[in-house]
Amino acid sequence: MSQSRKDTLVAWLNDAYAMEEGIVEVLERQVKHMDEMPDVQMRIQQHLELTRSQAERVKSCVERLGEKVSKTKSVFANAMGAMQGMGTGMAEDKVLKDALADYAVENFEIASYMSLTTAAKDVGEYEIARVCEGIMHEEEEMADWLRQQLPVVTEIEFHAMAM
Ligand SMILES: [Fe+2]
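What comes next is a walk through the structure. (Residues numbered from 1 in each chain as written. Predicted model: local features only at pLDDT ≥ 70, side-chain atom pairs only at ≥ 80, totals over all residues. Heavy atoms only, no water.)

**Thoughts on the overall build of the protein chain**
- The helix and strand inventory of the protein chain stands at five helices and zero strands.
- Listing the helices and strands of the protein chain from first to last along the sequence gives α-α-α-α-α.
- A burial count over the protein chain gives 41% of its 163 residues as buried.
- If you take every contact in the protein chain between residues at least 6 apart in sequence, the share linking residues at least 24 apart comes to 81%.
- Looking at the protein chain as shown, the accessible area adds up to about 9000 Å², and 55% of this sits on carbon and sulfur atoms. (Helix = DSSP H or I, 4+ residues; strand = E, 2+ residues; numbered from the N terminus. Buried < 20%, exposed > 50% of the residue type's maximum accessible area, 1.4 Å probe, protein only. Contact = heavy atoms within 4.5 Å. Areas by Shrake-Rupley, 256 points an atom, 1.4 Å probe, with all protein chains shown as cover.)

Okay, here's the thing in structure tokens:
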């Protein structure tokens, strides 16, 4: 394997790790204000646990390449924070704003893992490619679920906001 491409793959996996760690923090905050929508809350809680396991799996990929994950926050993590700041600031549409941001994030994750899968295969790291493709499918499932929930959450919060 080319040394420089291996380094690039490590850097990209590190970005994915930082991204998952950032998402864990965001989801931890989200679950707290979803008491009025227990079904959504339960699914977000499940995704929070899944995200922790994804971070661990990405970490193992980095270690497989003989490196350690770095703790520095990437642009991905910063983007997550920025996305969280969006919103009206009104309590009534909080879950909707979370769902909008989550849908965007899930699609970003799908794109990231698709790219990582391609890069890992390119350097013959098939086990890493398998892990990244598996995570991509988990993100696709979550994105599909969010897509179904968006109209439902919109109706509920839109009606709760004003007469
Ligand atoms: Fe994820």
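**Brief notes about the packing of helix α2 (residues 38-64) against helix α5 (residues 126-161)**
- Between α2 and α5, the least distance of the axes is 11 Å, while the angle of their chain directions is 160°. What the angle tells us is that α2 and α5 run roughly antiparallel. For the pair α2 and α5, the crossing hand works out as left-handed. Counted together, Val40, Arg43, Ile44, His47, Leu50, Gln54, Arg57, Val58, Cys61 and Arg64 of α2 and Glu127, Ile128, Val131, Ile135, Glu138, Glu139, Glu141, Met142, Trp145, Gln149 and Val153 of α5 form the full contact between these two elements. (Axes fitted to C-alpha atoms, helices over the stretch in contact; angles between N-to-C directions. Parallel < 35°, antiparallel > 145°, perpendicular 65-115°, else oblique. Left-handed = near helix turned anticlockwise from the far one by under 90°.)

**What to know about the coordination of the iron ion**
- Here the iron ion is held by the protein donor atoms Glu20 (OE), Glu20 (OE), Gln54 (OE1), Glu109 (OE) and Glu139 (OE), which lie 2.1 to 2.6 Å from it.
- Every donor residue of the iron ion comes from the same chain, spaced as E-x33-Q-x54-E-x29-E. You can see Glu20 sitting in helix α1 (residues 3-32) and its partner Glu109 sitting in helix α4 (residues 94-122), a full 89 residues away along the chain.
- With relative accessibility at 0%, the residue Glu109 sits in the buried group. (Donors = N, O, S within 2.8 Å, 3.2 Å for Na, K, Ca; no water.)

**Details of α5**
- Look at α5: 50 Å from first C-alpha to last across 36 residues, which is about the 52 Å you get at 1.5 Å a residue.
- Along its length, α5 shows its largest kink, about 35°, at Gln149, and proline Pro151 lies within four residues downstream of that point. (Expected span 1.5 Å × (residues − 1). Bend = angle between axes of the 7 residues up to and from the residue.)

**Focus on the state of the cysteines**
- A complete count under the given rule lists zero disulfides for this structure.
- Cys132 provides the cysteine sulfur closest to Cys61, a residue in no disulfide bond, and the two sulfurs are 5.0 Å apart.
- Its relative accessible area of 4% is what places Cys61 among the buried residues. (Disulfide = S-S within 2.5 Å.)

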